[in-house]
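A closer look at the structure
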Amino acid sequence: MPDDADKTPEAFPANYVVPKVWTFEKPQGGILGSVNAPTAGSRGPPRPLPRGEHSLQLHSMGTPNGQKITMLLEEYVSLIPNFEYDAYSVNIFKGDQFG
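Below is a summary of the structure that appears in this document. (Residues numbered from 1 in each chain as written. Predicted model: local features only at pLDDT ≥ 70, side-chain atom pairs only at ≥ 80, totals over all residues. Heavy atoms only, no water.)

Across its full length, the protein holds 1 helix and 2 strands. Order of helices (α) and strands (β) in the protein, N terminus to C terminus: β-α-β. With 99 residues in all, the protein has 14% of them scored as buried. For the protein, contacts bridging at least 24 residues in sequence account for 59% of all contacts bridging at least 6. Only carbon and sulfur atoms are counted for the fraction: they give 59% of the accessible area of the protein, which is about 8,500 Å². (Helix = DSSP H or I, 4+ residues; strand = E, 2+ residues; numbered from the N terminus. Buried < 20%, exposed > 50% of the residue type's maximum accessible area, 1.4 Å probe, protein only. Contact = heavy atoms within 4.5 Å. Areas by Shrake-Rupley, 256 points an atom, 1.4 Å probe, with all protein chains shown as cover.)

Structure follows, in structure tokens:
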């Protein structure tokens, strides 16, 4: 075995210095660039979420995880008497989840 076979490849360029505190200096491009930032919470002015008449509100998109919770809730509807919920579409490409 060569001597360097057990070495882990460098993750950063040789001249890169890891900062003590990382800062986000420039926004990313692309369709999700505006929503893919290292921050949490609301972005921009507050937007009210739609609210239905039932105690459970589902705000989701047709992503795999959104489909899973929708299927779960539909199973509850078929098994539990009077179980109802309101469902609303969220467009993650427009940043609706940060409202």
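Still to come is the rest of the account.
What follows deals with the packing of aromatic side chains. Scanning all chains against the criterion turns up 1 aromatic pair. With centroids separated by 5.5 Å and ring planes inclined at 75°, the aromatic side chains of Tyr76 and Phe83 adopt a geometry described as edge-to-face. (Phe/Tyr/Trp six-rings, centres within 6.5 Å; stacked < 30°, edge-to-face > 60°.)

Right, let's talk about a nonpolar patch on the surface for a bit. The grouping of Phe12, Tyr16, Val18, Trp22 and Phe24 at the surface amounts to a nonpolar patch, some 550 Å² of accessible area in total. Along the chain, the position of Phe12 falls in the segment before β1 (57–60). Judged by relative accessible area, Phe12 falls into the partly exposed class, the value being 46%. (Patch = residues over 30% accessible without salt bridge, like charges linked within 9 Å, V, L, I, M, F, W, Y side chains within 5 Å. Salt bridge = Lys/Arg side-chain N within 4 Å of Asp/Glu carboxyl O.)

What follows is about unusual backbone geometry. In this structure, Asn82 takes a positive phi of about 65° despite not being glycine. Here Asn82 lies in the loop between α1 (64–79) and β2 (86–89).

With that settled, consider the side chain of Gln57. Within the secondary structure layout, Gln57 lies in strand β1. Within the structure, Gln57 has its side chain in polar contact with the side chain of Asp86 (distance 3.0 Å). (Polar contact = N/O pair within 3.5 Å; in protein donor to acceptor, adjacent residues only side chain to side chain.)

With that out of the way, let us pick up the side chain of Ser60. Examined against the element boundaries, Ser60 turns out to sit in strand β1. Residue class for Ser60 comes out buried when judged on its relative accessible area of 17%. Once residues within four sequence positions are removed from consideration, Ser60 is found in contact with Gly66, Tyr88, Ser89 and Val90.

The subject of this paragraph is the pairing of β1. With 4 bridges connecting them, β1 and β2 associate as parallel partners. For Leu58, the partnering residue across the bridge sits in β2 and is Ala87. Considered for its hand, the β-α-β crossover made up of β1, α1 and β2 is right-handed. (Pairing = 2+ DSSP bridges. Right-handed = clockwise from strand over helix to strand, strands pointing away.)

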